[in-house]
Structure formats: C-alpha cells, structure tokens
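Now for the letters of each chain:
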Amino acid sequence: MDTSGSIYSIQPSIRRLTDIVSHITSHGARPKVVVARNLGPDVMPILQQRDDLDVIVWPEDRRCDRKWLLEQLPGAAGVVVMLTEKVNNELLDAAGPSLRVVSTMSVGYEHVDLPELAKRKIRLGYTPDVLTDAVADLTVMLALMASRNVGETISVVQNGQWPNFDWAPFLFCGPQLSTIPYSPRRTVGFLGFGRISQATLARLIPFGITDCVYSSNPSSPPDTSRDTQLAETYKLKSLRRVDLDELTRESDFLFVLTPGGAATKHLVDETFLRKMKRTSILVNTSRGTVVDSEALARALREGWIWGAGLDVVEGEPRISLEHPLVKEPRCVILPHIASATLETRLGMATLAAQNAIGGVFGGPMPTEFNLQGV
C-alpha cells in the first residue's frame, strides 16, 4: 500500500520534532551541568537523580574529547572537569555567560585559568583535604622504596638475574629511614609544609625521626606556635623553618610537597641538588614541574644524591622508556597514583559533584577555592 503523505510517513518527523521541543524545553527549565568524566555508580546519582538539573556526561571511559566538551558547553551553568581538561578562555567562551561554576575533581588547579574565572565571576570548586592521608601514605612508601633500592632490586628478580648475585656484606644496601643505636639521628626536610607535609611527618615519627626542617613560601609568616606544638607532640629535638640552602644541607630525606606553577618551576634544580647529602633521598609527590628532570637524572647518575622516589614527573604522562629518569636504576617512578585509593577517589568525586550543585544554585560549596585577590 502506498503510504506516502499518510500519517505513517509523517509519524517519524513528528517524533523527531517532539524530541527536539522536549530537549529545548528541558534545557530552558533546568540548569545544564556537563560532566567530563563519569564519576561512577556511587556518585553520578547525586547529579542525575535530581529533577532540577539537566546532566550531560561524556559517555566513554577515556579522557574527554575536547571537541565534544566544547560542543556540549553552550548554555551550561556548571561543568565538572578532571586535571586533563584545560579550563581556559576557549572553554569559558564556549560555555558563555550562563556558566556559574567550574568543579574540578582534583586538589591541584594548574589546569584552570584562575584570573579568568575571577574576572568572569565564575566560582571554582576543588577537592583538597580528602586526599591528604592517601598522599601521605604513598609519600612514605616512596621514601622506603627509594632508600632501599626497591626499583633496582625488584628488577633483579623479575628479570631472572637473582641467581647471578652472590651475597655480599653491602650488596643492595641503601640508607635507612629509621634510626638505630648505630645511627641515632635522622632529619627529614619538607619543601612546603602544608597539610600533606604535616600528615607525612606524623607517619614518619614511629621511624624514630629526631629532627625536622622545612621551607615555605617566603611571603607566608612563620607559625612558631604551631611548630613548637608539633615538636612537643612528636618529641622532636628540633622543628625549624629554614632557607633552601639549609634545607638541602640538613635533610636526610627531602620531601617535595609544594604547589606547582611558575613560582616553583624547577625549584629543585642542579644548584639545589648539588647541595644535598650524597646519601640523601628526594621524594616528590606534589607536582612534576617543581623538579628539573634532567638535573635530577644527572644527580643520580653522578652520585650527588642516593636515590629518588617520584609520583609525578614533568611532562607526564608522556614518559617513555627513553626518559632520562626512567633509565636511572635508583629512581622509583609511579604513574601519579598518590590519591588512587578507592576511598579517596570516591570522596573526591563526591566533593566534585556537591561543589557543582552548590555553585549552580548559588549555594554553599563544600570546598570552594577562594578567588579573591587572584
């Protein structure tokens, strides 16, 4: 039967038109939130089960496609991003004047143009504190791995070379983190002394740490009362704020836990590393840009320091087998997993969702970054 011009032939068009009208109506009635990565079955309902939000989620289990993100953003009131998404003029212009909040599932914010957000009066949510303990745990783990030559020795077993090694009094030995009667004093140093540094210090105390030195942003005032209280609580012989020269000279284990950005780029450079003890260990679980990779590789190769443990490397994730630090047997490198526990990532995702909701509706955000003065 010829159905051209009948109700049968126009029904698909009617359905398409109904879908379009419904889509436009829903977008007009409810604020749109674009989510650049699925936050998992425990967290996505926080956003998707609300009847006052229109939630659009990147559908694939990989880094969000930039073109897709920019296409979804026009008219959005909120966007949830990862460290992998650059929040710059391109993204903000695509969203337009409707954008009220950017929520990043990270404690770092180097991927966000803070001055531009402040200028446009767009709020920023991030996820500090919740990852403090996980990062501190892994920081201590890297100190142990680097000092006890774990990277080098585990490859001996995995490559089937163990039978080729005869026992020797000092075979595979490295500096010990804990104190013993033959070595009763140990000084740990921190480049940056915020929440994660202090949580790391707390975990190091049972190893018998006796002294602590740290360097902070020169513009931040000394907190002598806090330092005195920490020294008393942990029964330390000393806890002092020092300059970079003294930090490098005194530290047996030096932990890099400072923000990234232009102000700290390559703060740990050749000059810095040459002043460290030959038996010292460098650990970086903050930002890869703080450490000059070429200088560190040379320091390890020429024996300026004993070893290094890194969770972050400048240029990550584009770190190949040819990278100078990967070639160094006394450099333990992990692929930026300091916050990678199920509990911590769930907490971070939850905060990111809650921050987005608070920002969209002009209410309180659990962890809002203060953009005043940026």
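Look above for the structure.
Cut-off values and rules
- Residues numbered from 1 in each chain as written.
- Predicted model: local features only at pLDDT ≥ 70, side-chain atom pairs only at ≥ 80, totals over all residues.
- Heavy atoms only, no water.
- Helix = DSSP H or I, 4+ residues; strand = E, 2+ residues; numbered from the N terminus.
- Contact = heavy atoms within 4.5 Å.
- Areas by Shrake-Rupley, 256 points an atom, 1.4 Å probe, with all protein chains shown as cover.
- Buried < 20%, exposed > 50% of the residue type's maximum accessible area, 1.4 Å probe, protein only.
- Right-handed = clockwise from strand over helix to strand, strands pointing away.
- Pairing = 2+ DSSP bridges.
- Core = buried A, V, L, I, M, F, W, Y, C linked by side-chain atoms within 4.5 Å.
- Patch = residues over 30% accessible without salt bridge, like charges linked within 9 Å, V, L, I, M, F, W, Y side chains within 5 Å.
- Salt bridge = Lys/Arg side-chain N within 4 Å of Asp/Glu carboxyl O.
- Arc of directions from axis to C-beta.
- 1 Å grid on protein atoms, 1.4 Å probe; cavity = no way out; pocket = protein on both sides within 12 Å on 5 of 7 lines; lining within 4 Å.
- Points joined across faces, edges and corners; volume = space filled by probe spheres on them.
- Nonpolar A, V, L, I, M, F, W, Y, C, P; charged D, E, K, R; others polar.
- Axes fitted to C-alpha atoms, helices over the stretch in contact; angles between N-to-C directions.
- Parallel < 35°, antiparallel > 145°, perpendicular 65-115°, else oblique.
- Left-handed = near helix turned anticlockwise from the far one by under 90°.
- Polar contact = N/O pair within 3.5 Å; in protein donor to acceptor, adjacent residues only side chain to side chain.

(A) Local environment of the overall build of the protein chain. Across its full length, the protein chain carries 13 helices and 12 strands. For the protein chain, the C-alpha atoms occupy an extent of roughly 95 × 55 × 35 Å along the three principal directions. In the protein chain, 67% of the contacts between residues at least 6 apart in sequence involve partners at least 24 apart. Entry remark: accessible area of the protein chain is about 19,300 Å², with carbon and sulfur atoms responsible for 55%.

(B) Molecular detail of the pairing of strand β11 (residues 307-310). Burial along β11 is two-sided: Gly307 and Gly309 and Ala308 and Leu310, pointing in opposite directions, are all buried. Each parallel crossover has a hand, and the one from strand β10 (residues 281-284) via helix α12 (residues 293-302) to β11 is right-handed. Relative to strand β12 (residues 331-333), β11 runs parallel, the two sharing three bridges. The partner of alanine 308 across the bridge, within β12, is cysteine 331.

(C) Focus on the nonpolar core. Of all hydrophobic cores here, the largest spans 54 residues; its most connected members are Leu39, Val188, Phe190, Leu239 and Phe255. Ignoring sequence-local partners within four residues, the contact set of leucine 39 consists of Met44, Val80, Met82, Met105, Ala349 and Ala353. Grouped together as the second largest cluster of nonpolar side chains are 26 residues, Val34, Tyr126, Phe369 and Leu371 included.

(D) Molecular detail of a nonpolar patch on the surface. On the surface, Val157, Trp162 and Phe165 cluster together into a nonpolar patch covering about 320 Å² of accessible area. Taking the relative accessible area as the measure of exposure, valine 157 reaches 46% and is therefore partly exposed.

(E) Seen up close, helix α9 (residues 224-233). Those residues of α9 not exposed but buried are Asp227, Leu230 and Ala231. The arc that holds every buried residue of α9, seen down its axis, measures 100°, which confines them to one face. Exposed and oriented more than 90 degrees from the buried face of α9 are Ser225, Gln229 and Glu232. For α9, the elements touching its buried residues are α8 (195-204), β7 (211-215) and β8 (238-241). Trailing α9 by a residue or two, lysine 235 shows a phi angle of about 55°, which is positive.

(F) Spotlight on empty space enclosed by the protein. What the rule picks out here adds up to one cavity of 30 Å³ or more. Approximately 40 Å³ is the volume found for the largest cavity. Lining the largest cavity we find Asn284, Gly288, Val291, Ser293, Leu296, Leu310, Val312, Val313, Glu314 and Leu325. By residue class, the composition of the lining of the largest cavity is six nonpolar, three polar and one charged.

(G) Summary view of the packing of helix α6 (residues 132-147) against α8. Relative orientation of the contacting elements α6 and α8 amounts to 55°, with a least axis distance of 8 Å. In terms of their interaxial angle, α6 and α8 are classed as oblique. Pair α6 / α8 crosses with right-handed handedness. Within the contact between the two elements, α6 uses Thr132, Asp133, Val135, Ala136, Asp137, Thr139 and Val140 and α8 uses Arg195, Ile196, Ala199, Thr200, Arg203 and Leu204. For the contact of α6 with α8, a count of residues per class yields six nonpolar, three polar and four charged.

(H) Highlighting the pattern of salt bridges. All told, the structure shown has 25 salt bridges when counted by the stated rule. Aspartate 227 serves as the salt-bridge partner of arginine 226, at 2.9 Å between the closest nitrogen and oxygen. Salt bridges sharing common partners tie together Asp93, Glu116, Lys119 and Arg120.

(I) Structural detail: the sheet that holds strand β2 (residues 54-57). Pairing in this open sheet of five strands is parallel, and the strands run β2-β1-β3-β4-β5 from one edge to the other. Two strands close off the open sheet at either side, each with one partner strand: β2 and β5 (123-125). Direction aside, neighbouring strands of the sheet carry axes that sit 15° apart on average. Pairing of strand β4 (residues 101-104) with β5, which is carried by three bridges, proceeds in the parallel orientation.

(J) How the structure looks around the side chain of threonine 285. Positionally, threonine 285 belongs in the loop between β10 and α12. Of note is the side chain of threonine 285, whose polar atom sits 2.9 Å from the side chain of threonine 139.

(K) Spatial organisation of the environment of serine 216. Looking at the element boundaries, serine 216 is found in the loop between β7 and α9. For the pair serine 216 and glycine 194, spaced 22 residues apart in sequence, the C-alpha to C-alpha distance is 8.6 Å. Beyond its immediate chain neighbours, meaning those up to four positions away, serine 216 contacts Phe193 and Arg241.

(L) Local environment of the sheet that holds β10. The seven strands lie next to each other as β8-β7-β6-β9-β10-β11-β12, forming an open sheet whose pairing is parallel. For this open sheet the edge positions go to β8 and β12, each flanked by a neighbour on one side alone. Neighbour to neighbour, the strand axes of the sheet diverge by 15° on average, direction disregarded.

(M) Local environment of the environment of asparagine 370. Mapped onto the fold, asparagine 370 is located in the segment after α13 (342-360). Once the C-alpha coordinates of asparagine 370 and alanine 118 are considered, the two residues, 252 residues apart in sequence, prove to be 9.4 Å apart. A polar side-chain atom of asparagine 370 sits 3.0 Å from the main-chain amide nitrogen of glutamine 372.

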